[in-house]
Amino acid sequence: MPTALLTLGRLPKALSVARALRTQGYRVIVAEPFAWHVSRVSRDVAQTFRLPAPNSNPEAYQAALLALIAREGVDLVVPVSEEAHYVLAIREHLPPRVALLGPKVDLYRTLADKAAFINCAVQKSLAAPRSALANSPLAATLTETFDYVTKPINGCSGIDVEFHCAGDVLKSNSADVLVQQAVIGDVVSSLSMVKAGEVQATNVYKGSIFAGTVAICFERITGDIAESVQQWIHQFTQDMDYSGFIAFDFIVDTSGVPQAIECNPRLTSGIHFFDSESLGAALITDRKIAIKRHKNEAWQWRYSTLTEAYAALFKGNLKEFWRRLKLCWSVADVVWSWRDPLPFLLMTPLSWPILKPALIEGISLGEACQRDIAPLWSQPSTEAITGGDNAA
């Protein structure tokens, strides 16, 4: 039986990938810094292994990952979230028989860099907001002339994203902060599967309920906007040696033009809009495979949706409370499955490694979920990666 390794298990999108791979007869294992996570009790996950956190010690994490791959006879490695920054760097150390889903690490890091990504889009004559690093003269012009947004160039989950009015004093002149002209319009997201620069399938969707800037209830969109987004993606990737998942966030301006604000060269929640079986078939081959759409047109993280519903109630916004509550009980949950119920039923205790710092330290769930794996808090070491014999 072939074996697939997911390099994170705490997020619902990991569970969706595990379920997809199981439809193809794969044994699925998970490597995860957390002892407890939502994938641990899934019937579609054969075993989980606890690895060092990438941000604490990238070399130890990568060595442990390589040792695990060798010991378990892994055939396919699938990065799930921000840990891809470190996982993709082990490609040249893998045996030839092991497939690693994702682009080359240098390309990944370029696209994940919010400033470098905007430069790529502009060079391809694609629509994107005017942007500049905070330490550049253009940043001063943008802040004086337009409403603007500031964000870390290596940020994630909407962490440290701030909105400002024209004329507001720029708080930072760091080269690690991007200043971006604010665009008025609707936020739209996409997730595509790409093989050798050719887009195999794309989901375009928008948030219905947000926790901060993160959509926790989202619905597929079609029509002219979706077609414009797909055309943008096609033009961006067509001459790029890219394979794997790639996601973009857009703001559709008042004239109907989608302007790309950032890129996530990895999995996102758009994975839930793919049919599980055809997704699994596409994951295990380099060949072009038609990926079908899932029958559901909307998904949610029900626990988070319920939390946001009560947040609206406590603020006295009854109309928004009832809207959110209606969606909470009418939209399918990304984790729930009749054949695999435990991840949903045990969601709260399994999420304790995320909930604990959020409750005790008062940080967002996004930060609690990402800060041990995302480069926002730790720069990758330049030391050489070795296979080692570290126990995973």
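Shown above is the structure to which this text applies.
The sections below set out a description of the structure shown in this document. Note that this is a predicted model, so its numbers are computed, not measured.

### Some details on the layout of surface pockets
So, step 1. Of the pockets and cavities examined, the second largest pocket occupies roughly 450 Å³.
So, step 2. Lining the second largest pocket are 18 residues; nearest its centre among them are R19, H294, W299, W336 and S337.
So, step 3. Taken together, the elements giving at least two residues each to the lining of the second largest pocket come down to α1 (12-22), α8 (276-283) and β16 (332-333).
So, step 4. Partitioning the lining of the second largest pocket into residue classes produces 8 nonpolar, 6 polar and 4 charged.

### Comments concerning the sheet that holds strand β5 (residues 99-100)
So, step 1. The strand order across the open sheet formed by 5 strands is β3-β2-β1-β4-β5, and the pairing between neighbours is parallel. Two strands lie at the open edges of the sheet, namely β3 (47-50) and β5, each paired on one side alone.
So, step 2. Pairing between strand β1 (residues 3-6) and strand β2 (residues 27-32): 4 bridges, direction parallel. Paired with A4 across the strands is V28, a residue of β2.
So, step 3. Sitting on the sheet, α1 touches β1, β2 and β4 (76-78), and the angle it makes with β1 is about 175 degrees.

### Quick notes on the environment of N55
So, step 1. Its location among the elements puts N55 in the loop between β3 and α2 (58-72).
So, step 2. By relative accessible area, N55 is classed as buried at 13%.
So, step 3. Each C-alpha atom of the pair N55 and A374 lies 7.0 Å from the other, and the pair is 319 residues apart in sequence.
So, step 4. Looking at N55, its side chain comes within polar contact range of the main-chain oxygen of R371, at 2.8 Å.

### Details of the nonpolar core
So, step 1. Core analysis: the largest hydrophobic core is formed by 38 residues, its most contacted members being L6, L21, F245 and L283.
So, step 2. Of the residues forming this core, the biggest block, 5 residues, is contributed by α1.
So, step 3. Discounting chain neighbours no more than four positions away, the residues touching L283 are V17, A20, L21, L76, L101, M193 and F245.

### Regarding unusual backbone geometry
So, step 1. One non-glycine residue, D160, lies in positive phi territory at about 65 degrees.
So, step 2. Its identity as a non-glycine residue notwithstanding, A196 has a phi of 50 degrees, on the positive side.
So, step 3. Among the structural elements, A196 can be located in the loop between β10 (185-195) and β11 (198-211).
So, step 4. Under the relative-accessibility criterion, A196 is labelled exposed at 60%.

### With respect to the side chain of K195
So, step 1. Relative to the elements of secondary structure, K195 occurs in strand β10.
So, step 2. There is no salt bridge for the buried K195, and the closest opposite charge comes from D286, which lies 6.3 Å off by N-O distance.
So, step 3. From its side chain, K195 meets the backbone oxygen of R287 in a polar contact 2.6 Å long.

### Here we look at the environment of Y303
So, step 1. Mapped onto the fold, Y303 is located in helix α9 (residues 302-314).
So, step 2. For the pair Y303 and M347, spaced 44 residues apart in sequence, the C-alpha to C-alpha distance is 8.6 Å.
So, step 3. Each residue touching Y303, except ones within four places of it in the same chain, is listed here: F344, L345, M347 and T348.

### Some points on the environment of Y242
So, step 1. Here Y242 is to be found in the loop between α7 (224-237) and β13 (244-253).
So, step 2. With relative accessibility at 0%, the residue Y242 sits in the buried group.
So, step 3. With 76 residues separating them along the chain, Y242 and L318 place their C-alpha atoms 47 Å apart.
So, step 4. Once residues lying within four places of it in the same chain are set aside, the contact partners of Y242 are P103, L107, L111, V194, K195, A196, G197, P265 and R266.

### Considerations on empty space enclosed by the protein
Regions of empty space are outlined by a rolling probe, equal in size to a water molecule, passed over the atoms.
So, step 1. Taken as a whole and assessed by the stated rule, the structure comprises 2 cavities of 30 Å³ or more.
So, step 2. The volume enclosed by the largest cavity comes to roughly 90 Å³.
So, step 3. Together, 13 residues line the largest cavity, and P79, L101, G102, P265 and R266 are the ones closest to its centre.
So, step 4. Residues belonging to the lining of the largest cavity are distributed by class as follows: 10 nonpolar, 2 polar and 1 charged.
So, step 5. One number sums up the size of the second largest cavity: a volume of about 30 Å³.

### Here we look at the packing of aromatic side chains
Each aromatic ring pair is characterised by the separation of its centres together with the angle its planes make.
So, step 1. Inspection of the entire model under this criterion finds 17 aromatic pairs.
So, step 2. Every member of this aromatic cluster is reached through a ring pair, and the members are F117, W232, F236, F248 and F250.
So, step 3. Positioned above the aromatic ring of F34, the side-chain terminus of R10 is 3.6 Å from the ring centre.
So, step 4. Lying over the aromatic face of F236, K124 brings its terminal NZ or CZ to 5.6 Å of the ring centre.

### Side note on helix α4 (residues 105-112)
It helps to recall that an α-helix has 3.6 residues per turn; residues three or four apart then point in one direction.
So, step 1. Residues V105, Y108 and L111 constitute the buried set of α4. Projected onto a plane normal to the axis of α4, the buried residues spread over an arc of 130 degrees and lie on a single side.
So, step 2. On its buried face, α4 is in contact with α3 (84-87), α5 (114-123), α7, β13 and β14 (258-264).

Parameters and conventions
- Residues numbered from 1 in each chain as written.
- Predicted model: local features only at pLDDT ≥ 70, side-chain atom pairs only at ≥ 80, totals over all residues.
- Heavy atoms only, no water.
- 1 Å grid on protein atoms, 1.4 Å probe; cavity = no way out; pocket = protein on both sides within 12 Å on 5 of 7 lines; lining within 4 Å.
- Points joined across faces, edges and corners; volume = space filled by probe spheres on them.
- Helix = DSSP H or I, 4+ residues; strand = E, 2+ residues; numbered from the N terminus.
- Nonpolar A, V, L, I, M, F, W, Y, C, P; charged D, E, K, R; others polar.
- Pairing = 2+ DSSP bridges.
- Contact = heavy atoms within 4.5 Å.
- Axes fitted to C-alpha atoms, helices over the stretch in contact; angles between N-to-C directions.
- Buried < 20%, exposed > 50% of the residue type's maximum accessible area, 1.4 Å probe, protein only.
- Polar contact = N/O pair within 3.5 Å; in protein donor to acceptor, adjacent residues only side chain to side chain.
- Core = buried A, V, L, I, M, F, W, Y, C linked by side-chain atoms within 4.5 Å.
- Lys, Arg positive; Asp, Glu negative; His and termini not counted.
- Salt bridge = Lys/Arg side-chain N within 4 Å of Asp/Glu carboxyl O.
- Phe/Tyr/Trp six-rings, centres within 6.5 Å; stacked < 30°, edge-to-face > 60°.
- Lys NZ or Arg CZ within 6 Å of the ring centre and 35° of its normal.
- Arc of directions from axis to C-beta.

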